[in-house]
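A look at the structure
Spelled out from the first residue to the last, the chains are:
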Amino acid sequence: MHEFSTVDGFVEISECLAEMTKYVANEPSVGLFFIQHHAQNAVPNVIKVQKNVVQKSHETTLRTEDLEDSTTMVRSMKECGIPIADKMIGEIKKSLVTMATKRPKRGLIRPASSSQTERASFLG
């Protein structure tokens, strides 16, 4: 075994204390260096991400407005659409019945009046 004298023990302790003092004294500047280095590397990425978030937020807002408009339209179609479609079907059925009973000649249903012919020739 190695035997240390009291003096060797004090020398080693003083060297360790000196090293620790140097380490503690330099630690804040080393820490600030790494913080500065990290900030310089991270800030451009943060700005890029922020721009992407702003863009995506704007797109999300527009899509939300579109969905709200679509929901409103579907609700109005649900409330009013069926009666309107029923009326349209009824009008089509009436037209089919009228066409079936009157059997118009092929071509124009009614001949054009002379005033319509004059207008057409004037415009043409």
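In this report, we go over the structure that sits alongside the text.

Within the protein chain one finds two helices and zero strands. Going through the 124 residues of the protein chain one by one, you find that 0% of them count as buried. Surface accessibility of the protein chain: about 12300 Å² in total, with carbon and sulfur atoms responsible for 64%.

Opposite charge on two side chains permits pairing when their charged atoms draw close. Tallying each qualifying case throughout the model produces two salt bridges. The residue K56 makes a salt bridge to E59 at a minimum N-O spacing of 4.0 Å. With K56 and E59 both in helix 1 (residues 6-102) and three residues apart, this pair spans about one turn of that helix. Here E91 ties to K94 by a salt bridge, and the two come within 3.8 Å at their closest N and O atoms. Here E91 pairs with K94, and both are found in helix 1, just three residues apart, close to one helical turn.

Rules used in this analysis
- Residues numbered from 1 in each chain as written.
- Predicted model: local features only at pLDDT ≥ 70, side-chain atom pairs only at ≥ 80, totals over all residues.
- Heavy atoms only, no water.
- Helix = DSSP H or I, 4+ residues; strand = E, 2+ residues; numbered from the N terminus.
- Buried < 20%, exposed > 50% of the residue type's maximum accessible area, 1.4 Å probe, protein only.
- Areas by Shrake-Rupley, 256 points an atom, 1.4 Å probe, with all protein chains shown as cover.
- Salt bridge = Lys/Arg side-chain N within 4 Å of Asp/Glu carboxyl O.

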